[in-house]
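The chain contents come next:
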Amino acid sequence: MQNRKKLALSLLALFIANVILILIMQLMPDAGAASLRQGSSGDTVRQIQTKLRNWGYYTGTVDGVYGPNTTEAVKFFQRKNNLTPDGVCGTRTLQAMGIFLPASNTASNQRNADIELLARLISAEARGEPYNGQVAVGAVVLNRVRHPSFPSTLSGVIYQPGAFTCLTDGQFNQPVVESARRAATDALNGVDPSFGCIYYYNPVTATSQWIRSRPVMVDIGLHRFCK
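The present account deals with the structure reproduced in this document. (Residues numbered from 1 in each chain as written. Predicted model: local features only at pLDDT ≥ 70, side-chain atom pairs only at ≥ 80, totals over all residues. Heavy atoms only, no water.)

Quick look at the side chain of Arg120
- Relative to the helices and strands, Arg120 resides in helix α5 (residues 106-126).
- This buried residue, Arg120, is left without a salt bridge; Glu116 holds the nearest opposite charge, at 5.6 Å.
- In terms of polar contacts, Arg120 uses its side chain to reach the backbone carbonyl oxygen of Phe172, at 3.0 Å.
- Setting aside residues no more than four positions away along its own chain, Arg120 makes contact with Val65, Phe172, Asn173, Gln174 and Val176. (Helix = DSSP H or I, 4+ residues; strand = E, 2+ residues; numbered from the N terminus. Buried < 20%, exposed > 50% of the residue type's maximum accessible area, 1.4 Å probe, protein only. Lys, Arg positive; Asp, Glu negative; His and termini not counted. Salt bridge = Lys/Arg side-chain N within 4 Å of Asp/Glu carboxyl O. Polar contact = N/O pair within 3.5 Å; in protein donor to acceptor, adjacent residues only side chain to side chain. Contact = heavy atoms within 4.5 Å.)

Listed below in structure tokens is the structure:
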């Protein structure tokens, strides 16, 4: 009889532990190594947009760019499926959509997404500039990620309101030039022709007196890089 009680108590404890684990998993943000979020891009993002559009959650363009409209559509999908509505396509959200990423490819996927996002910004801001100047623009973005005055993620820096005019004048959505992808890769690998700068501007067109007051480190092409 005593052994039966011990067994029953053990099974009850195991059941309670499993229930607690399930509740914790439901309350945790849907992120992780395989997460995709605003700023990501690529074929998986296209899959997400296609599925959301087919199901009526998304009405935007299937362009493979995880922008604000995709984020809101993902939140809508998550709310309808009892997932944390954070706009991030983590493992559970992707599984709910029927999208499965090989675990071994997640780091590579994130690297490729970072290259594509940074390349899009470089292409929009420095298309036609010398290659060194394109790398420098990418380096400025990454320097901001590490700087305490700016968001701590690549997408956060790029999508920060008012940070880059290309997000409001349509240049960000233009086709990416191939040199920008090589420049993004070099910048992510640590190449920094800007010498640690967190700002740049065109002295011919800039109207801000504040930006002109910043200490200049180097001029490359049409851009002046400063701290």
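Observations concerning helix α6 (residues 131-146)
- Between its first and last C-alpha atoms α6 spans 23 Å; for 16 residues at 1.5 Å apiece the expected length is 22 Å, and the two agree.
- Taken across its 16 residues, α6 has 13 buried, putting it largely inside the fold. (Expected span 1.5 Å × (residues − 1).)

Quick word on unusual backbone geometry
- Of note, Asn82 is a non-glycine position whose phi angle comes to about 55°, a positive value.
- Mapped onto the elements, Asn82 comes out in the loop between α3 (68-80) and α4 (91-97).
- Overall, the relative accessible area of 69% leaves Asn82 in the exposed class.
- With phi around 60°, Phe195 is a residue other than glycine that occupies positive phi space.
- Relative to the assigned elements, Phe195 resides in the loop between α8 (178-188) and β1 (199-201).

Let's talk about the pairing of strand β3 (residues 223-226)
- Where β1 lies against β3, three bridges are found, and the strand directions are antiparallel. Its bridge partner being in β3, Tyr199 is matched across the sheet by Cys226.
- Bridging between strand β2 (residues 216-220) and β3 involves four bridges; their strand directions are antiparallel. Looking at β3, one finds that Asp219 is bridged to Arg224. (Pairing = 2+ DSSP bridges.)

Here's the deal with the packing of helix α2 (residues 43-54) against α3
- Remark: α2 packs on α3, axes separated minimally by 11 Å, with the N-to-C direction vectors making an angle of 60°. On the basis of their axis angle, the class for α2 and α3 is oblique. Like other packed secondary-structure pairs, α2 and α3 cross with a definite hand, here left-handed. Touching Ile48, Gln49 and Leu52 of α2 are Thr70, Ala73, Val74 and Phe77, all from α3.
- Partitioning the contact of α2 with α3 into residue classes produces five nonpolar, two polar and no charged. (Axes fitted to C-alpha atoms, helices over the stretch in contact; angles between N-to-C directions. Parallel < 35°, antiparallel > 145°, perpendicular 65-115°, else oblique. Left-handed = near helix turned anticlockwise from the far one by under 90°. Nonpolar A, V, L, I, M, F, W, Y, C, P; charged D, E, K, R; others polar.)

Concerning the sheet that holds β2
- Across the sheet, which stays open at both edges, the three strands sit in the order β1-β3-β2 with antiparallel pairing between neighbours. Bordering the open sheet on either side are β1 and β2, each of which pairs with just one other strand. Averaged over all neighbouring strand pairs, the angle between strand axes comes to 25°, with direction disregarded.
- Lying on the sheet, α6 is in contact with β1, β2 and β3; it crosses β3 at an angle near 35°.

Examining the nonpolar core
- With 40 residues, the main nonpolar core has Leu118, Leu121, Val141, Ile158 and Phe225 as its most contacted residues.
- Counting only elements with at least two residues in this core, the list comes to α5, α6, α7 (154-158), α8, β1, β2 and β3.
- Residue contacts for Ile158: discarding those within four places in its chain leaves Leu117, Leu118, Leu121, Val141, Phe164, Leu167 and Phe172.
- Val45, Leu52, Ala73 and Ile99 belong to the second-largest nonpolar core, a separate cluster that totals 14 residues. (Core = buried A, V, L, I, M, F, W, Y, C linked by side-chain atoms within 4.5 Å.)

Quick word on the environment of Arg182
- Inspection of the secondary structure assignment puts Arg182 in helix α8.
- On the accessibility criterion, Arg182 (46% relative accessible area) is partly exposed.
- A sequence separation of 51 residues divides Arg182 from Tyr131, and the C-alpha atoms of the two residues are 9.0 Å apart.

Description of the packing of aromatic side chains
- Summed over the entire model, instances satisfying the criterion amount to eight aromatic pairs.
- Each ring, one from Trp55 and one from Phe77, has its centre 5.7 Å from the other, and the planes form 15°; the classification is stacked. Taken together, the positions of Trp55 in the loop between α2 and α3 and Phe77 in helix α3 put the pair 22 residues apart, joining distant regions of the chain.
- For Phe77, a relative accessible area of 2% puts it in the buried group.
- Relative to Phe76, the ring of Tyr57 has its centre 5.0 Å away and its plane inclined at 80°; by these criteria the two rings are edge-to-face. Taken together, the positions of Tyr57 in the loop between α2 and α3 and Phe76 in helix α3 put the pair 19 residues apart, joining distant regions of the chain.
- Judged by relative accessible area, which is 21%, Tyr57 ranks as partly exposed.
- Note on Phe76: relative accessible area 32%, which makes it partly exposed. (Phe/Tyr/Trp six-rings, centres within 6.5 Å; stacked < 30°, edge-to-face > 60°.)

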